[in-house]
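Structural description and commentary
One-letter residues, chain by chain:
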Amino acid sequence: MNIEIITEKAKNLFKFSAVFYLFIAAYYFFRLPTGGDEFLFLADLQLIKNVGWYDAIVQNVSISYMLLAYPLSFIMEDFAALKLINVILLFLLFLYFYYVGKVKLKSTYYYLFFFISTVGYFYFGTNDCLFFVTLIVFFNEVNNAAINKEFHFNLALTALIIAFFTRELLLVYMPVVILGGYILYQSGSRFSKRTVAPLGIFVFLLLLNIPSIQQNGSLSFDQKLPPQGCGVSWSQRQYLAQLMVNEGTLANGQHPSWETTKQYLDKNGKGSLPDGILNGMTYNYQLTIKEFFKDFASSIVYSFRSLSFMLLFTLLYRFKGIPTDKKLKLNYFVPLATLTMIMIFSVIIISYVELRWLSAVFVMTIVYYSELESQNKISKYLIFTNYMVLCLLSFYGVFRILNKI
């Protein structure tokens, strides 16, 4: 049978499985009980209602996310309000892609259905969804500018500003954000009268952060703080986690308790665990290099569950031509940004890389791969293989969820 015919059949099968997977996963994740970081944001809502916005901001809450969830919390349960906001944000992202971002390839949306259903965390009642959606909008506008498509500078700037005030994680993304800013500048973007809108949003969010700036000397962000008087930092806890994983005394992906970390410091001295990201990277160069390669490899391998071959095909396709180029082309933005972020997280996270931190670049990888596929720049046999694997992964995902319902 002709490869085009069987590829089309595999594609249609994947579309069906992706849509079915989407509904099953949405039903499952939306009905999950409160857990993990969701307790933190439920506490934020209650804190605002109990002490008011000013005192809540002083105690650090995610202002941008709370502004969206707070009104809804008066007409439904707090937990439902947090989750519904994220469902709305997902819906708006799809509307943005189709009507503003000009992503017209239908295959892109089916790939996104699969990705969202597999990872699940877009449905969780945390500010992750707001952060990733706004960062995705910024990256997509940059990518459009890089490939000479219509782009919207003020929208990109607005999305970046909201992401900046939503999570400190944006600081880790700064290398690719700066690259994105350079691409927008090279594409002719300049401040104008229309820029008053994003700048107005910036000033508004900055003013809301004044209580935290005055009392804490920083913007208001949610923080998973150790118990009072513990004397242990998150970076020390993460570093000990990796040491214990390497020793076989802790399962990979787990953290020791705060008490265990404190006992380790009391026994071995305050300098036995590095405090801070930079100190963690330079404390033991041999361990840092070893964990970099291990985390980098595991990030590529574990991303297969949510991206199939799309990440690998995108990186291999684009980067195979770089050595022959006299300079790095701007249209390499998405694969370069993705590779850069995987490397950054691999080197600064000593314990393990949570793939949700890479959601923004993974979604853009899907958009980028769809373009390569539509332009026949990837082998038809590889495309067929990818569709078949996606079908198997979709049915596997549905099977796992149905077993839990």
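It should be emphasised that the depicted structure is a prediction, and the values quoted were computed from it without experimental measurement.

Brief notes about the overall build of the protein chain
Scanning the protein chain from N- to C-terminus turns up 20 helices and zero strands. Computed over its C-alpha atoms, the radius of gyration of the protein chain comes to 22 Å, within 12% of the 22 Å expected for a compact globule of 405 residues. The C-alpha extent of the protein chain, read off along each of the three principal axes, is 70 × 55 × 55 Å. The burial tally for the protein chain puts 50% of its 405 residues in the buried class. A separation threshold of at least 6 residues defines the contact pool for the protein chain, and within that pool the share at least 24 residues apart is 76%. Accessible surface, the protein chain: about 19500 Å² in total, of which carbon and sulfur atoms supply 64%.

Some remarks on the packing of aromatic side chains
Overall, the coordinates contain 38 aromatic pairs when judged by the stated rule. Ring centres of Phe41 and Tyr65 lie 5.6 Å apart, and the angle between their planes is 85°; this geometry places the pair in the edge-to-face category. Placement of Phe41 in helix 2 (residues 38-51) and of Tyr65 in helix 4 (residues 63-72) is noted, with a sequence separation of 24 residues between them. For Phe41, a relative accessible area of 4% corresponds to the buried category. Following the ring pairs from residue to residue traces out a cluster consisting of Phe115, Tyr121, Phe122, Phe131, Phe132, Phe138, Phe139, Tyr173, Phe333, Phe345 and Trp357. Between Lys49 and the ring centre of Phe74, over which it is positioned, the NZ or CZ distance is 5.1 Å. Lying over the aromatic face of Trp258, Arg237 brings its terminal NZ or CZ to 4.5 Å of the ring centre.

Some thoughts on the nonpolar core
Membership of the largest hydrophobic core comes to 114 residues, with the highest contact counts inside it found for Phe97, Phe115, Phe139, Tyr173 and Phe345. By residue number, the principal contributor to this core is helix 7 (residues 128-146), which donates 13 residues. Aside from chain neighbours lying at most four places away, what touches Phe345 is Leu169, Val172, Tyr173, Val353, Trp357 and Leu358.

Digging into the pattern of salt bridges
Between side chains of opposite charge, a pair can form when the charged atoms approach closely. Tallying each qualifying case throughout the model produces seven salt bridges. In this structure, Lys49 and Asp78 form a salt bridge, with 2.8 Å as the shortest nitrogen-oxygen distance. You can see Lys49 sitting in helix 2 and its partner Asp78 sitting in helix 5 (residues 78-100), a full 29 residues away along the chain. Overall, the relative accessible area of 29% leaves Lys49 in the partly exposed class. The partner of Asp266 in a salt bridge is Lys262, with the nearest N and O atoms 3.2 Å apart.

Let's talk about helix 9 (residues 174-186)
Here helix 9 spans 18 Å end to end across 13 residues, near enough to the 18 Å set by a 1.5 Å rise per residue. Among the residues of helix 9, Val176, Val177, Gly180, Ile183 and Leu184 are the ones counted as buried. Down the axis, helix 9 shows its buried residues gathered within 115° of arc, on one side only. Check the buried side of helix 9 and you find it contacts helix 7, helix 8 (153-166) and helix 18 (333-348). Two residues or fewer after helix 9 comes Gly188, characterised by a positive phi angle close to 100°.

A look at helix 7
Given a rise of 1.5 Å per residue, 19 residues ought to cover 27 Å, and the 26 Å separating the end C-alpha atoms of helix 7 matches this to within 8%. The element helix 7 is largely enclosed, with a buried count of 19 among its 19 residues. In the segment just after helix 7, Asn148 is the residue with positive phi, at about 65°.

Notes on a nonpolar patch on the surface
Side chains of Phe164, Leu171, Phe202, Val203, Leu206, Leu207, Ile210 and Ile213 sit close together on the surface and give an oily, nonpolar patch of about 630 Å² of accessible area. Only helix 10 (196-208) and helix 11 (210-216) provide two or more residues apiece to the nonpolar patch. Considering each element in turn, the nonpolar patch owes the most residues, four residues, to helix 10. By secondary structure assignment, the location of Leu171 is in the loop between helix 8 and helix 9.

Concerning the side chain of Ser189
Relative to the helices and strands, Ser189 is located in the loop between helix 9 and helix 10. Relative accessible area serves as the criterion here: at 9%, Ser189 is assigned to the buried category. Discounting chain neighbours no more than four positions away, the residues touching Ser189 are Phe151, Phe153 and Leu184.

Topic: the confidence of the model for the protein chain
Averaged over every residue, the pLDDT of the protein chain is 89; residues scoring 70 or more account for 95%. Here helix 14 (residues 277-283) stands out as the least confident element of the protein chain, with mean pLDDT 80; helix 8 is the most confident, with 96.

With respect to the environment of Tyr54
Topologically, Tyr54 is positioned in helix 3 (residues 53-58). Tyr54 gets classed as partly exposed once you look at its relative accessible area, which sits at 45%. Between the C-alpha atom of Tyr54 and that of Tyr99, which follows or precedes it by 45 residues, the distance is 38 Å. Filtering out sequence-adjacent residues up to four positions away, Tyr54 remains in contact with Pro211, Gln214 and Gln215.

Basis of the calculations
Residues numbered from 1 in each chain as written. Predicted model: local features only at pLDDT ≥ 70, side-chain atom pairs only at ≥ 80, totals over all residues. Heavy atoms only, no water. Helix = DSSP H or I, 4+ residues; strand = E, 2+ residues; numbered from the N terminus. Rg over C-alpha atoms; globule rule 2.2 N^0.38 Å. Buried < 20%, exposed > 50% of the residue type's maximum accessible area, 1.4 Å probe, protein only. Contact = heavy atoms within 4.5 Å. Areas by Shrake-Rupley, 256 points an atom, 1.4 Å probe, with all protein chains shown as cover. Phe/Tyr/Trp six-rings, centres within 6.5 Å; stacked < 30°, edge-to-face > 60°. Lys NZ or Arg CZ within 6 Å of the ring centre and 35° of its normal. Core = buried A, V, L, I, M, F, W, Y, C linked by side-chain atoms within 4.5 Å. Salt bridge = Lys/Arg side-chain N within 4 Å of Asp/Glu carboxyl O. Expected span 1.5 Å × (residues − 1). Arc of directions from axis to C-beta. Patch = residues over 30% accessible without salt bridge, like charges linked within 9 Å, V, L, I, M, F, W, Y side chains within 5 Å. pLDDT = per-residue confidence, 0-100.

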